[in-house]
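Chain and residue survey
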Amino acid sequence: MAIEDALDPERGVLHRLLLRWQAGKCGYSVFALPALQAIIDFKWTKFARKLLLTEFAFFMLWLVSFYSFTIAFQDEDASLSFAQLLQTSRGKISILCNILSLIGMAPFLAIEVGTLKAYGLFGWATAWNLLDTATYGIQLVIVVMHFGRINVASGSLSIAAALQAILMLFRLQFFSRVMPNTHFALVDQLREVIASVQYYLIFLI
């Protein structure tokens, strides 16, 4: 049985079901139906796998650049201005890493904006998307603080960098969820455990 416009990105059945799933009007199991699995497999083979690998390459650029920044930032002289920082080798590395981090982050920020437009605020506001948005915000704060030399000596930048390092590792779990050999995702497992013992945790608290 043919499904009209099944592969269309906006009028297709997948997009419509995703809108319903985001709104909580259908279960996740609906995507396991054979007809939908065929559409998903086709899109995965045709373009989605290549797109995901491209996203993963940008994410690794972001991840490696940011962690390199955290290393270069250690023991940085907080009294130096931005111009003075450019005169030091460590300063050049930390500034370059921040710029590369922004380049790596840019495609994901564009995707997030597109997702928000497509699904609306309430359809977009999932735990994963909110976590992703936090990584964008903290990354921008880190760059502004570092380039503007704002409260660098107070330790605020180090705290923001430490929080971002944790969030970036959580974000890495997204890619492990869809790769054939790495279906395990720590965040998903923690969420399932917490959901199973939530009332016991409330009692303990």
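Model, not experiment: these values are computed from the prediction.

1. A short note on the packing of helix α1 (residues 13-22) against helix α4 (residues 89-124)
Working note: a packed helix pair is described by the angle between its axes plus the distance between those axes. Following both chains from N to C, one finds α1 and α4 inclined at 20 degrees, their axes separated by 9 Å at the closest point. The angle between the axes of α1 and α4 places the two elements in the roughly parallel class. Considering how the two elements wind past one another, α1 and α4 form a crossing that is left-handed. Touching His15, Leu18, Leu19 and Gln22 of α1 are Ala118, Tyr119 and Gly123, all from α4. Across the contact of α1 with α4, the residue classes tally to four nonpolar, three polar and no charged.

2. Focus on unusual backbone geometry
A positive phi angle, near 55 degrees, is found at arginine 149, a position not held by glycine. Topologically, arginine 149 is positioned in the loop between α5 (127-148) and α6 (156-178). Overall, the relative accessible area of 16% leaves arginine 149 in the buried class. Even without glycine at this site, asparagine 151 takes up a positive phi of about 55 degrees.

3. Looking at the packing of helix α2 (residues 34-73) against α4
Running from N to C, α2 and α4 point in directions that differ by 150 degrees, and their axes come no closer than 8 Å. By the criterion of interaxial angle, the relationship of α2 to α4 is roughly antiparallel. Between α2 and α4 lies a crossing whose hand is left-handed. Here the residues of the contact of α2 with α4 are counted per class, giving 16 nonpolar, six polar and two charged.

4. Some points on the nonpolar core
Judged by nonpolar contacts, the single largest core of 13 residues is most densely connected at Phe66, Phe69, Phe73, Ile138, Ile142 and Leu157. Examining the composition of this core, we find that five residues originate from one element, α6, more than from any other. In contact with phenylalanine 73, not counting residues within four places along its chain, are His146, Val152, Leu157 and Ser158. Counting residues in each nonpolar core, the second largest holds nine residues, with Trp62, Leu63, Tyr136 and Phe175 among its members.

5. Quick look at the environment of phenylalanine 56
Turning to its location among the elements, phenylalanine 56 is positioned in helix α2. Here phenylalanine 56 falls in the partly exposed class, since its relative accessible area comes to 29%. C-alpha of phenylalanine 56 to C-alpha of phenylalanine 175: the two residues are 119 residues apart in sequence and 7.2 Å apart in space. Other than its neighbours up to four places away in sequence, phenylalanine 56 contacts Leu172 and Phe175.

6. Some remarks on the confidence of the model for the protein
Per-residue pLDDT for the protein has a mean of 84; in total, 86% of the residues score no lower than 70. Element-level pLDDT for the protein is lowest in helix α7 (residues 186-196), with a mean of 65, against a maximum mean of 93 in helix α3 (residues 82-85).

About the cut-offs
- Residues numbered from 1 in each chain as written.
- Predicted model: local features only at pLDDT ≥ 70, side-chain atom pairs only at ≥ 80, totals over all residues.
- Heavy atoms only, no water.
- Axes fitted to C-alpha atoms, helices over the stretch in contact; angles between N-to-C directions.
- Helix = DSSP H or I, 4+ residues; strand = E, 2+ residues; numbered from the N terminus.
- Parallel < 35°, antiparallel > 145°, perpendicular 65-115°, else oblique.
- Left-handed = near helix turned anticlockwise from the far one by under 90°.
- Contact = heavy atoms within 4.5 Å.
- Nonpolar A, V, L, I, M, F, W, Y, C, P; charged D, E, K, R; others polar.
- Buried < 20%, exposed > 50% of the residue type's maximum accessible area, 1.4 Å probe, protein only.
- Core = buried A, V, L, I, M, F, W, Y, C linked by side-chain atoms within 4.5 Å.
- pLDDT = per-residue confidence, 0-100.

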